[in-house]
Structure formats: structure tokens, C-alpha cells
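Analysis of the macromolecular model
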Amino acid sequence: MIVTGYAASRIHKLTPGRKEANRVLAVGRAPVEHGFAHLKNWRMALYVSSESACCSGARAAVSP
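Keep in mind that this is a model prediction, so the values were computed, not measured. Within any chain, residue numbers begin from 1 and follow the written order of that chain's sequence. Under the rules for a predicted model, residues below a pLDDT of 70 receive no local features and side-chain atom pairs below 80 are neither given nor counted, while totals for whole chains, interfaces and linings still include all residues. In computing side-chain values, all of the structure's heavy atoms are included and hydrogens and water are not.

1. Notes on the overall build of the protein chain
- A tally of helices and strands in the protein chain yields one helix and zero strands.
- Buried residues in the protein chain amount to 3% of all 64 residues.
- Accessible surface is estimated by sampling points in the Shrake-Rupley manner with a 1.4 Å probe; for residues, cover comes only from the protein chains shown. Carbon and sulfur atoms form 66% of the exposed surface of the protein chain, whose accessible area is close to 5900 Å². Per the convention used, a helix needs a DSSP run of H or I reaching at least four residues, while a strand needs a run of E reaching at least two, with both numbered from the N terminus. Accessible area is worked out with a 1.4 Å probe on protein chains only. A residue is then buried under 20% of its type maximum, exposed over 50%, and partly exposed in between.

Shown next, in the form of C-alpha cells:
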């Protein structure tokens, strides 16, 4: 089950109850989103370090 927040528009403002519901949802969502961001950063760090390790000899051979 996917839980989404309430959306407001210019003419349809959120009620205080719906604002609070969005806030509660955001509090539960933030740690999960931060976890995914850390995993993505870690994956990119591995990609960059492995790329530089495998190609450093080739760059040294090509550079004058």
C-alpha cells in the first residue's frame, strides 16, 4: 500500500488536519529517503574508486 500526502493548490488550501497528516508522513519518510541517498552516494564512491583504479595505468601510459 502506498501512502501519499495531501496536495494543495492556489485556490484550495490545506486544512490544519491535512497539514499535520503531511507532517507525520514526512517524519516517517525522511529517514528512509536519507538511507537511500546514503546508499546511492556509497555506490557512486565505489564506482569512481574502481574506475580510477582500473584506468590509472592506462592514463599513465598515454600521457606524455
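Additional details are given in the paragraphs that follow.
2. Let's talk about the pattern of salt bridges
- Salt bridge, as used here: a side-chain nitrogen of Lys or Arg that lies within 4 Å of a carboxyl oxygen of Asp or Glu. Here the structure, examined in full by the defined rule, presents one salt bridge.
- In this structure, R23 engages E20 in a salt bridge whose closest nitrogen and oxygen atoms are separated by 2.8 Å. Taken together, the residues span about one helical turn, with R23 and E20 both in helix α1 (residues 16-62) at a distance of three residues.
- Its relative accessible area of 48% is what places R23 among the partly exposed residues.

3. Here's the deal with a nonpolar patch on the surface
- Exposure above 30% relative accessible area and the lack of any salt bridge qualify a residue for a patch; like charges then connect within 9 Å, and the nonpolar side chains Val, Leu, Ile, Met, Phe, Trp and Tyr within 5 Å. Together, V32, F36, L39, W42 and L46 line one region of the surface with nonpolar side chains, adding up to about 550 Å² of accessible area.
- Structurally, L39 can be placed in helix α1.
- Since its relative accessible area comes to 52%, L39 is described here as exposed.

4. Points about the environment of R23
- C-alpha separation for the pair R23 and G5, spaced 18 residues apart in sequence, amounts to 8.8 Å.
- For R23, the side chain forms a polar contact with the side chain of E20, separated by 2.8 Å. By the criterion applied in these results, polar contacts are pairs of N or O atoms within 3.5 Å in which, for protein atoms, one can donate a hydrogen and the other can accept it, and in which residues neighboring in sequence qualify only through two side-chain atoms.

5. Quick notes on the side chain of N22
- Topologically, N22 is positioned in helix α1.
- Here the side chain of N22 touches Y6 through a polar contact of 2.7 Å, landing on its backbone nitrogen.
- Excluding residues that lie within four positions of it along the chain, N22 makes contacts with G5, Y6 and L14. Contact definition: two residues touch when any of their heavy atoms are within 4.5 Å.

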